[in-house]
Amino acid sequence: MDGPWLLVGLGNPGERYSRTRHNIGAVVVARLAERLGARLKKVRFSPVMAAEARHDGIPLLLATSGTFMNVSGPPIASFAKRRGVPVDRVVVCHDDIDLPFGALRIKRGGSTAGHHGLDSLVEAFRSPDFYRVRLGVGRPPSRESGIDYVLDAFPKRQQEDVAVMVEEAADAVLMLVTEGLTAAQEAFNRSGPK
């Protein structure tokens, strides 16, 4: 099948959240757009920012939601439907507090582990069967709540590792669409910073 793939970066809109742990998925998709010479632009009549690109001859749609992450499912699923992208050609990049900082995991389907952005997507697509590129942001120190933790920026000492993780996640997404899940998992699944 030669239809496009939809590459989604989860995050919250606005400058206040742009560098937070919760927005790392959106950062990956912005980086992919940069690499592929595309620009994310507002989609008419929809709270979605999107761009079109190609990689190895494969058509790609890159998107982030202009809504808060917890309600990002409906606009993204609606965009996918309008562009004729089935759920099994959707790749979602997102933060994951269940993975150690710097870890990267690629999978298809499965549980959302309470990630509200993923919950919203599963509900809107009526299926959990999209691919996920999970970016480890680590667990909060015991006193801090998970919500406050993911809405904080990465500390300075982690910035270099964050940049590496973003580049590798972008590479992983492109390998996933060109060579498939197993190849991407073998090349990129890891449990901490390189």
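Just so you know, these numbers come straight off a predicted model, no measurement behind them.

J.: Looking at this structure, I do not really get the overall build of the protein. What am I missing?
T.: The helix and strand inventory of the protein stands at six helices and seven strands. On C-alpha atoms alone, the protein measures out to a radius of gyration of 15 Å, which is about the 16 Å that the 2.2 N^0.38 rule sets for 194 residues. Across its three principal axes, the protein shows a C-alpha extent of roughly 45 × 35 × 30 Å. Evaluated residue by residue, the protein yields a buried proportion of 51% over its 194 residues. Across the protein, the fraction of contacts at a sequence separation of at least 24, relative to all contacts at a separation of at least 6, is 71%. Here the protein displays about 9400 Å² of accessible surface, and carbon together with sulfur accounts for 51% of that area. Of the charged side chains in the protein, 26 are positive and 22 negative; the average position of the first set lies 5 Å away from that of the second.

J.: Help me understand the environment of leucine 32 in this model?
T.: Mapped onto the elements, leucine 32 comes out in helix 1 (residues 24-35). In this structure leucine 32 comes out as buried when scored by relative accessible area, which is 0%. When the C-alpha positions of leucine 32 and glutamine 185 are compared, they lie 19 Å apart, and in sequence the two are 153 residues distant.

J.: Where do I start with the sheet that holds strand 4 (residues 58-65) in this structure?
T.: The strands that make up a sheet are held in pairs by hydrogen bonds between backbone atoms, and each pair lies either parallel or antiparallel. Ordered by their spatial adjacency, seven strands build an open sheet running 2-3-4-1-5-7-6, and the pairing between neighbours is mixed. Each edge of the open sheet carries a strand with a single partner, namely strand 2 (41-42) and strand 6 (104-108). Pairing geometry for strand 3 (residues 48-55) and strand 4, over eight bridges, is antiparallel. Bridge assignment links methionine 49 to a residue of strand 4, and that residue is threonine 64. Across the sheet, helix 3 (residues 116-125) lies against strand 5 (90-96) and strand 7 (131-136), angled at about 155° from strand 5, the strand it touches most. In this fold helix 6 (residues 181-188) packs onto strand 6 and strand 7, with an angle of close to 165° to the strand it touches most, strand 6.

J.: Could you clarify how one ought to interpret the side chain of histidine 94 in this entry?
T.: Positionally, histidine 94 belongs in strand 5. Once residues within four sequence positions are removed from consideration, histidine 94 is found in contact with Leu10, Ile24, Gly25, His115, Leu118, Arg132, Val133, Arg134 and Leu135.

J.: I keep staring at the pairing of strand 4 and nothing clicks. Help me out?
T.: Regular strands place side chains that alternate from one sheet face to the opposite one. A large share of strand 4 lies buried, amounting to seven of its eight residues. Connecting strand 3 to the next strand, strand 4, in antiparallel fashion are two residues, including aspartate 56 with a positive phi near 50°.

J.: Whenever I open this one, the side chain of histidine 115 confuses me. Can you help?
T.: Following the sequence through the fold, histidine 115 ends up in the loop between strand 6 and helix 3. Residue histidine 115 is classed as buried on the basis of its relative accessible area, which comes to 11%. Here the side chain of histidine 115 touches aspartate 95 through a polar contact of 3.0 Å, side chain to side chain. Setting aside residues up to four positions removed in sequence, histidine 115 forms contacts with Leu10, His22, Met69, His94 and Asp95.

J.: What's the story with the layout of surface pockets in this structure? I'm lost.
T.: Of the pockets and cavities examined, the largest pocket occupies roughly 460 Å³. For the largest pocket, the lining is made up of 25 residues, of which His22, Gly114, His115, His116 and Val150 are closest to its centre. If you list the elements that add at least two residues to the lining of the largest pocket, you get strand 5, helix 3, strand 7 and helix 4 (146-150). There is about 270 Å³ of room inside the second largest pocket.

Calculation rules
Residues numbered from 1 in each chain as written. Predicted model: local features only at pLDDT ≥ 70, side-chain atom pairs only at ≥ 80, totals over all residues. Heavy atoms only, no water. Helix = DSSP H or I, 4+ residues; strand = E, 2+ residues; numbered from the N terminus. Rg over C-alpha atoms; globule rule 2.2 N^0.38 Å. Buried < 20%, exposed > 50% of the residue type's maximum accessible area, 1.4 Å probe, protein only. Contact = heavy atoms within 4.5 Å. Areas by Shrake-Rupley, 256 points an atom, 1.4 Å probe, with all protein chains shown as cover. Lys, Arg positive; Asp, Glu negative; His and termini not counted. Charge placed at Lys NZ, Arg CZ, Asp CG, Glu CD. Pairing = 2+ DSSP bridges. Axes fitted to C-alpha atoms, helices over the stretch in contact; angles between N-to-C directions. Polar contact = N/O pair within 3.5 Å; in protein donor to acceptor, adjacent residues only side chain to side chain. 1 Å grid on protein atoms, 1.4 Å probe; cavity = no way out; pocket = protein on both sides within 12 Å on 5 of 7 lines; lining within 4 Å. Points joined across faces, edges and corners; volume = space filled by probe spheres on them.

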